[in-house]
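One-letter residues, chain by chain:
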Amino acid sequence: MTTGAQYPYRRMLPQAPLLAAATGRTPAHRPVWFMRQAGRSLPEYREIRAGIGMLESCFNPELVCEITMQPVRRHGVDAAILFSDIVVPLKAAGIDLDIVAGTGPVVASPIRSAADVTALPRLRTEEVGAVTAAISLLTKELGETPLIGFAGAPFTLASYLVEGGPSRNHERTKALMHSDPQTWHALLGSLADTTITFLKAQLHAGVDAVQLFDSWAGALSLAEYRQFVLPHSERVFAEVAEAGVPRIHFGVGTGELLGAMGEAGADVVGVDWRIPLDEAARRVGPGKALQGNLDPAVLFAGWNAVEREVRRVAGEADRALAAGAIGHIFNLGHGVLPDTDPGVLTAAVELVHSL
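Note that the structure is a prediction, hence the values are computed from the model and not measured.

What counts and what doesn't
Numbering of residues starts from 1 in every chain and runs along the sequence as written. With pLDDT at 70 or above as the cut-off, local features in this predicted model cover only qualifying residues; side-chain atom pairs require 80 or more to be listed or tallied, and sums for whole chains, interfaces and linings still use all residues. Based on all heavy atoms of the structure, the side-chain values leave hydrogens and waters out of the count. Every case where a carboxyl oxygen of Asp or Glu lies within 4 Å of a side-chain nitrogen of Lys or Arg is listed as a salt bridge. Categorising residues by exposure relies on relative accessible area from a 1.4 Å probe, with only protein chains included: less than 20% of the type maximum marks a residue as buried, more than 50% marks it as exposed, and the intermediate range marks it as partly exposed. Side-chain rings of Phe, Tyr and Trp (the six-membered ring for Trp) are treated as a pair once their centres are within 6.5 Å; stacked means planes under 30 degrees apart, edge-to-face means over 60, and tilted covers the remaining angles. A helix here means a DSSP run of H or I that spans at least four residues, while a strand means a run of E at least two residues long, and both kinds are numbered starting from the N terminus. In this analysis the charged atom, NZ for Lys or CZ for Arg, is taken to sit over a ring once it is within 6 Å of the ring centre and within 35 degrees of the ring normal. We define a polar contact as two N or O atoms separated by no more than 3.5 Å, with the added condition that, inside protein, one atom must be a possible hydrogen donor and the other a possible acceptor, whereas residues neighbouring each other in sequence contribute only through side-chain atom pairs. In this description, contact between two residues means that some pair of their heavy atoms is separated by no more than 4.5 Å. For this text, the term disulfide refers to a pair of cysteine sulfurs within 2.5 Å. Axis lines are fitted through C-alpha atoms, for helices just across the contact stretch, and the angle between N-to-C directions can take any value from 0 to 180 degrees. Any angle between 65 and 115 degrees counts as roughly perpendicular, while under 35 counts as roughly parallel, over 145 as roughly antiparallel, and the rest as oblique. Crossing handedness: left-handed means the near helix sits turned counterclockwise from the far one by under a right angle, and right-handed means the same turn made clockwise. Any two strands between which DSSP finds at least two bridges are classified as paired. UniProt positions are given in the numbering used here, feature names are shortened, and annotations may be inferred rather than shown by experiment. Residue types Ala, Val, Leu, Ile, Met, Phe, Trp, Tyr and Cys, when buried and joined through side-chain atoms within 4.5 Å, form a set referred to as a nonpolar core.

A. Inspection of the pattern of salt bridges at higher detail. Inspection of every chain in the model, using the stated rule, returns 20 salt bridges. In this structure, E66 engages R73 in a salt bridge whose closest nitrogen and oxygen atoms are separated by 2.9 Å. The class of E66 is partly exposed, set by a relative accessible area of 26%. Residues D272 and R274 are paired through a salt bridge, measuring 2.5 Å at the closest nitrogen-oxygen approach. When its relative accessible area of 2% is taken as the criterion, D272 is described as buried. Given a relative accessible area of 51%, R274 falls into the exposed group. Here the salt bridges share partners, and the residues they tie into one network are E256, E279, R282 and R283.

Below you can see the structure in the form of structure tokens.
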């Protein structure tokens, strides 16, 4: 793992189970963390965020540190994930957007033309200084627990910018990619630059792993993904490879894309709940670790159902290891839902650690 002068704040965590599983070593126990583990499911989160907007929270280093730490203290998970949002680097670069409660990111002036793409601002590292300051605080607080940094993948960022906000059908996005491929690739190239800058800033500040969220890639066919998306995700992963930390790739509804997503360059491929991990291992191919993939809705079904499903996922993961996956990181197949009982999550962590 690279630890030279270029990454002076990198911690050495040789015993961390998550890093072991991600890199093909044998962890002391099966590692587990949850996407959206820091958030509305925790009463302490709702209390500290009262009256503070989402984006305002993301640019407050002390608040980011505290929110990121909350699930680590409560649940005993094997990783913290930086409290942030995939649109933070866009906001930091100067794009006029906001996160609207109950809706999500809303963009004031959506991308509609080649001129709009040319006018997009590029992120400078100093514009995310609040994020890197939060990472510095966290690496002092976390002890032996790894910190996962993250960013949105170029396609998912593009979908917000083109649609103007969340979209069910991504019709404007798909129309642009098919009708004007030159403008589309220019847009994704620009967003890849922003994503790379954001991830490198986090890596230089000391994160121990990174996850690239391509949340909406599941809206694409395999042919669309390979032609319009994969080259840009590949560039992102290639540009951060020298940091020597595990790179995780995740999308929702991407069962048909897993092979191509595995080719993008990540060390760990996240799998949503729709596909068994042993089948995912077959699609991704050998030599990668897998992450996932309990259905977040199962957490509402009562402990007997939760225990049964956790054991099922662990069993499928063990078969995935036998089929060539190099490690398994237990997670949900998407994020923790807001009304989840945090006590169930704590109990699930204890169960995973016992398997």
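Let us keep going from here.
B. Quick look at the packing of aromatic side chains. This structure, assessed with the given rule, holds five aromatic pairs. With a centroid separation of 6.1 Å and 55 degrees between ring planes, the pair formed by F155 and W184 is classed as tilted. Taken together, the residues span a long stretch of sequence, with F155 in helix 8 (residues 154-163) and W184 in helix 10 (residues 181-205) at a distance of 29 residues. What makes W184 buried here is its relative accessible area of 0%. Judged by centre distance (6.5 Å) and plane angle (70 degrees), the ring pair of Y160 and W216 falls under edge-to-face. Here Y160 is found in helix 8, whereas its partner W216 is found in the loop between strand 5 (209-213) and helix 11 (222-228), with 56 residues between them in sequence. Exposure remark for Y160: the relative accessible area of 9% places this residue in the buried category. Its relative accessible area of 30% is what places W216 among the partly exposed residues. Residue placement shows R274 over the ring face of W273; its charged tip is 4.2 Å from the ring centre.

C. Spotlight on the side chain of S57. When you line up the elements, S57 lands in helix 3 (residues 54-58). On the basis of relative accessibility, which here comes to 0%, the residue S57 falls in the buried class. In terms of polar contacts, S57 uses its side chain to reach the backbone carbonyl oxygen of G53, at 2.8 Å. With residues up to four places along the chain from it excluded, the contact list for S57 reads R49, I52, L63, V64 and F83.

D. Just the state of the cysteines, in detail. Tallied over the entire structure, the rule returns zero disulfides. Residue C58 stays outside any disulfide, its sulfur separated by 14 Å from that of C65, the closest cysteine. In this structure C58 comes out as buried when scored by relative accessible area, which is 1%.

E. Spatial organisation of the packing of helix 4 (residues 61-75) against helix 7 (residues 129-141). Taken N-terminus to C-terminus, the directions of helix 4 and helix 7 make an angle of 45 degrees; their axes are 8 Å apart at the nearest point. Taken together, the axes of helix 4 and helix 7 lie oblique to each other. The crossing of helix 4 and helix 7 is right-handed. Packed against helix 4, whose contacting residues are P61, E62, V64, C65, T68 and M69, the element helix 7 presents A130, A133, A134, L137, L138 and E141 at the interface.

F. Molecular detail of helix 8. With ten of ten residues buried, helix 8 lies mostly within the body of the structure. Among all positions in helix 8, only P154, F155, T156, L157, A158, S159, Y160, L161, V162 and E163 are buried.

G. Summary view of the sheet that holds strand 1 (residues 80-81). Spatial strand order, 1-4-5-6-7-8-9: seven strands in an open sheet with parallel pairing. Each edge of the open sheet is held by one strand with a lone partner, namely strand 1 and strand 9 (328-332). Taken together, the two bridges between strand 6 (residues 247-250) and strand 7 (residues 268-270) define a ladder with parallel strand orientation. Looking across to strand 7, one finds that I248 is bridged to V268.

H. Structural view of the UniProt feature "binding site: substrate" (unreviewed entry) in the chain. Sequence positions flagged by UniProt for "binding site: substrate" (unreviewed entry) are, in local numbering, R36, Q37, A38, G39, R40, D85, Y160, S215 and H334. Look at the named residues: they lie 299 residues apart in sequence, and the longest C-alpha span between them is 23.3 Å, so in the fold they stay spread out. Apart from residues lying up to four places away in sequence, Y160 is in contact with I86, P105, V107, G165, P166 and W216.

I. Here's a closer look at the nonpolar core. Grouped together as the largest cluster of nonpolar side chains are 127 residues, with contacts concentrated most on W33, F34, W184, L187, Y225 and L290. With eleven residues, the top contributor of residues to this core is helix 10. Ignoring any residue separated from it by four or fewer positions in sequence, one finds W33 in contact with L18, V77, A79, I81, I148, Q211, Q291, I329, F330, N331 and L332.

J. A look at the environment of I148. Residue position: I148 is located in strand 4 (residues 147-152). Counting along the chain gives 154 residues from I148 to G302, while the straight-line C-alpha distance between them is 30 Å. Apart from residues no more than four positions distant in its own chain, I148 is found in contact with L18, W33, A79, A80, I81, L82, A209, V210 and Q211.

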